[in-house]
Number of protein chains: 2
Amino acid sequence: MILEGILTTLSPEGLLNIAPMGPKIGPDPSMKTFELRPYRSSTTYQNLKARGEGVFHVTDDVLLLAQTAIGVPLIPAPELRPARLVAGWILGGACRYFEFRVTDADDRADRARFTVETLAEGRLRDFLGFNRARHAVVEAAILATRTAFLPRAEILTELQRLAVIVAKTGGPVEAAAFRLLHDHVLKPPGPVHLDSTAARS
Amino acid sequence: MILEGILTTLSPEGLLNIAPMGPKIGPDPSMKTFELRPYRSSTTYQNLKARGEGVFHVTDDVLLLAQTAIGVPLIPAPELRPARLVAGWILGGACRYFEFRVTDADDRADRARFTVETLAEGRLRDFLGFNRARHAVVEAAILATRTAFLPRAEILTELQRLAVIVAKTGGPVEAAAFRLLHDHVLKPPGPVHLDSTAARS
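Residues numbered from 1 in each chain as written. Chains lettered and ligands numbered in written order. Predicted model: local features only at pLDDT ≥ 70, side-chain atom pairs only at ≥ 80, totals over all residues. Heavy atoms only, no water.

**Looking at the relation of the copies chain B and chain A**
- Overlay of chain B on chain A (RMSD 0.0 Å): rotation 180°, translation along the axis 0.0 Å. Both copies of the chain, as the preceding transformation shows, are related through a two-fold rotation axis. When each C-alpha of chain B is compared by its distance to the rotation axis, F127 of chain B comes out closest, at 3.1 Å.
- Take the interface residues of chain B: 100% of them recur as interface residues in chain A, which is what a same-surface contact looks like. (Least-squares fit on C-alpha atoms with pLDDT ≥ 70 in both. Contact = heavy atoms within 4.5 Å.)

See below:
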């Protein structure tokens, strides 16, 4: 199955990249190994290819998920802690994290496959649980990264449906994250539009 | 915000009732107090009214959520442990639990409001995290309990959309839970149909 979370990697120069990532995990909940599938056009791909390590985070922080999905400034700046066994950073606001190294790579397709193994892991706090608003933000974030492929009208119809759930079952943070994504979809595409930033993730 | 989970209560005779419940929680993630809003026609309402206590569970067990939503037999039977500070039972397969007692009740509306305070709590295992398939099952469970109010065709259209997400991001358990809900919606309503069981929750 696919677990949506956030990945941190470093460029060869040591620049931090924070990007949403939906690894494929096995039935074993311990996540000793899992599979990352970044697009080859992404910064995540380049960093994994160059360094072969990073940190995957399970989180319910939908504001950070929304911000990283569309490549806007991270406000508030996420708290960072150095990883223990890899060169990289742990998001202090995450629920759980997995420091990993790449054991196998296959980049023949547009979407590469990196099999990774967990070297260290930790729990920072509990995941809230099933909240329909937070999940609606996750769905909205996926839609917001598809403005280049899907008709804008179709995305907006979907967002309208999700907005009802956010209003009914969420709080102010969920509303803010959703608004950010909605505004991103409404923004007219330009020569320097943010989709290029998102594509880099 | 609303947190979807599962509630266990006891009848005056000591019969266990397991039902989905979406309490209203405050911004404090510790959940020292929260609000339950069962329909007055439900068994949960009667049990809370009579005994004033129970156990709320945060869980990502979507099969149990689906089964309790539509009132079908619980297979496999959930593991149960006696609660410590209230007369009741803890679901051993849950992620976290909150034993509570009612501190205030308002049952003037069709949907009653019980303010409760947590007496004891515990963590049994980690919540997986954002998985689109599990969340699609939660949405499907909500739809499946609305067959009496919403046009069947509308529910089936929504389920079709959710089925794609379940197939793409879930495993066999998510598929089984979804199938259960889908079959429930397809079942022709009869004089002894299961909606009455669901309404009792």
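**What about the interface of chain B and chain A?**
- Tallying the contact residues gives 33 residues for chain B and 33 residues for chain A.
- Counting the surface lost from both chain B and chain A, the interface buries some 3,000 Å², and carbon and sulfur atoms represent 59% of this.
- On the chain B side of the interface with chain A, the three residues burying the most area are M1, F130 and R132 of chain B, jointly 29% of the side's total.
- Ionic pairing is found between D126 of chain A and R123 of chain B, a salt bridge with its closest N-O pair at 2.8 Å.
- Counting across the interface, chain B meets chain A through 16 residue pairs in polar contact (both at pLDDT 80 or more).
- Of all the secondary-structure elements, those providing two or more residues to the side of chain B that touches chain A are helix 2 (62-70), helix 3 (132-144) and helix 4 (152-169) of chain B.
- A total of 6 residues in the side of chain B that touches chain A trace back to one element, the largest contributor, which is helix 3 of chain B.
- For the side of chain B that touches chain A, the class distribution of residues is 13 nonpolar, 7 polar and 13 charged. (Buried area = accessible area lost by both parts, 1.4 Å probe. Salt bridge = Lys/Arg side-chain N within 4 Å of Asp/Glu carboxyl O. Polar contact = N/O pair within 3.5 Å; in protein donor to acceptor, adjacent residues only side chain to side chain. Helix = DSSP H or I, 4+ residues; strand = E, 2+ residues; numbered from the N terminus. Nonpolar A, V, L, I, M, F, W, Y, C, P; charged D, E, K, R; others polar.)

**Side note on the state of the cysteines**
- Here the structure, examined in full by the defined rule, presents 0 disulfides over all chains.
- Summary of cysteine pairing: C95 of chain A is not part of a disulfide, and the nearest cysteine sulfur, belonging to C95 of chain B, is at 12 Å.
- Note on C95 of chain A: relative accessible area 1%, which makes it buried. (Disulfide = S-S within 2.5 Å. Buried < 20%, exposed > 50% of the residue type's maximum accessible area, 1.4 Å probe, protein only.)

**Description of helix 2 (residues 62-70) of chain A**
Residues and elements named next belong to chain A.
- Across the 9 residues that make up helix 2, a large majority, 9, are buried.
- Those residues of helix 2 that sit buried are V62, L63, L64, L65, A66, Q67, T68, A69 and I70.
- Its side-chain oxygen at 3.3 Å from the backbone nitrogen of L63, D61 defines the N-terminal cap of helix 2.
- Positioned one or two residues after helix 2, G71 has a phi angle of 70°, which is positive.

**Comments concerning the sheet that holds strand 4 (residues 33-36) of chain B**
Residues and elements named next belong to chain B.
- Sheet architecture is open: 7 strands sit in the order 2-1-5-8-9-4-3, paired in antiparallel fashion. Two strands bound the open sheet, and with one partner strand each, they are strand 2 (16-21) and strand 3 (24-25).
- For strand 8 (residues 96-106) and strand 9 (residues 113-123), the ladder comprises 10 bridges, and the chain directions are antiparallel. Bridged to V102 within strand 9 is V116. (Pairing = 2+ DSSP bridges.)

**Section: the packing of aromatic side chains**
- Taken as a whole and assessed by the stated rule, the structure comprises 11 aromatic pairs over all chains.
- Arranged with centres 5.1 Å apart and planes meeting at 80°, the rings of F127 of chain A and F130 of chain B form a pair that is edge-to-face. Placement of F127 of chain A in the loop between strand 9 (113-123) and helix 3 (132-144) and of F130 of chain B in the loop between strand 9 and helix 3 is noted, with the two residues assigned to different chains.
- A ring pair is formed by F34 of chain B and F56 of chain B, whose centres lie 5.8 Å apart and whose planes are at 50°; its orientation type is tilted. Of this pair, F34 of chain B sits in strand 4 while F56 of chain B sits in strand 5 (residues 53-58), and the two are 22 residues apart along the sequence. Like F56 of chain B, F34 of chain B is buried.
- Feature note: the residues F34, F56, F98 and F100 of chain A constitute an aromatic cluster, connected by ring pairs. (Phe/Tyr/Trp six-rings, centres within 6.5 Å; stacked < 30°, edge-to-face > 60°.)

**Focus: the environment of P38 of chain A**
Residues and elements named next belong to chain A.
- Mapped onto the elements, P38 comes out in the loop between strand 4 (33-36) and helix 1 (43-51).
- On the basis of relative accessible area, P38 is assigned to the buried category, the value being 4%.
- Considering only alpha carbons, one finds P38 and Q67, 29 residues apart in sequence, at a separation of 18 Å.

**So, the domain arrangement of chain A**
Residue and element names in this part refer to chain A.
- Domain annotation of chain A identifies domain 1 (5-123) and domain 2 (132-199).
- Taken over both partners, the interface formed by domain 1 and domain 2 buries close to 1,100 Å², and the fraction arising from carbon and sulfur atoms is 76%.
- For domain 1, the biggest contributors to the area lost against domain 2 are V62, A69 and I70; these three give 49% of the whole.
- The interface formed by domain 1 and domain 2 contains 1 salt bridge.
- Across the salt bridge formed by R134 and D60, the nearest N and O atoms sit 3.2 Å from each other.
- Summed over the shared surface of domain 1 and domain 2, the result is 1 residue pair in polar contact (both at pLDDT 80 or more).
- Its residues assigned to classes, the side of domain 1 that touches domain 2 comprises 7 nonpolar, 4 polar and 1 charged. (Domains from an automatic or database assignment.)

**Brief notes about unusual backbone geometry**
- Residue P76 of chain A is reached from I75 of chain A by a cis peptide bond, and omega for that bond is 0°.
- Along the chain, the position of P76 of chain A falls in the loop between helix 2 and strand 6 (80-82).
- Positioned with a positive phi, M31 of chain B is a non-glycine residue whose angle comes to about 55°.
- Overall, M31 of chain B belongs to the buried group, its relative accessible area being 1%.

**Digging into the packing of helix 3 of chain B against helix 4 of chain B**
Residues and elements named next belong to chain B.
- At a minimum axis separation of 8 Å, helix 3 and helix 4 run at an interaxial angle of 160°. One way to sum up the angle between helix 3 and helix 4 is to call them roughly antiparallel. Relative to helix 4, helix 3 is oriented so that their crossing is left-handed. Counted together, R132, A133, A136, V137, E139, A140 and L143 of helix 3 and I155, E158, L159, L162, I165, V166 and T169 of helix 4 form the full contact between these two elements.
- Within the contact of helix 3 with helix 4, the residues separate by chemical class into 10 nonpolar, 1 polar and 3 charged. (Axes fitted to C-alpha atoms, helices over the stretch in contact; angles between N-to-C directions. Parallel < 35°, antiparallel > 145°, perpendicular 65-115°, else oblique. Left-handed = near helix turned anticlockwise from the far one by under 90°.)

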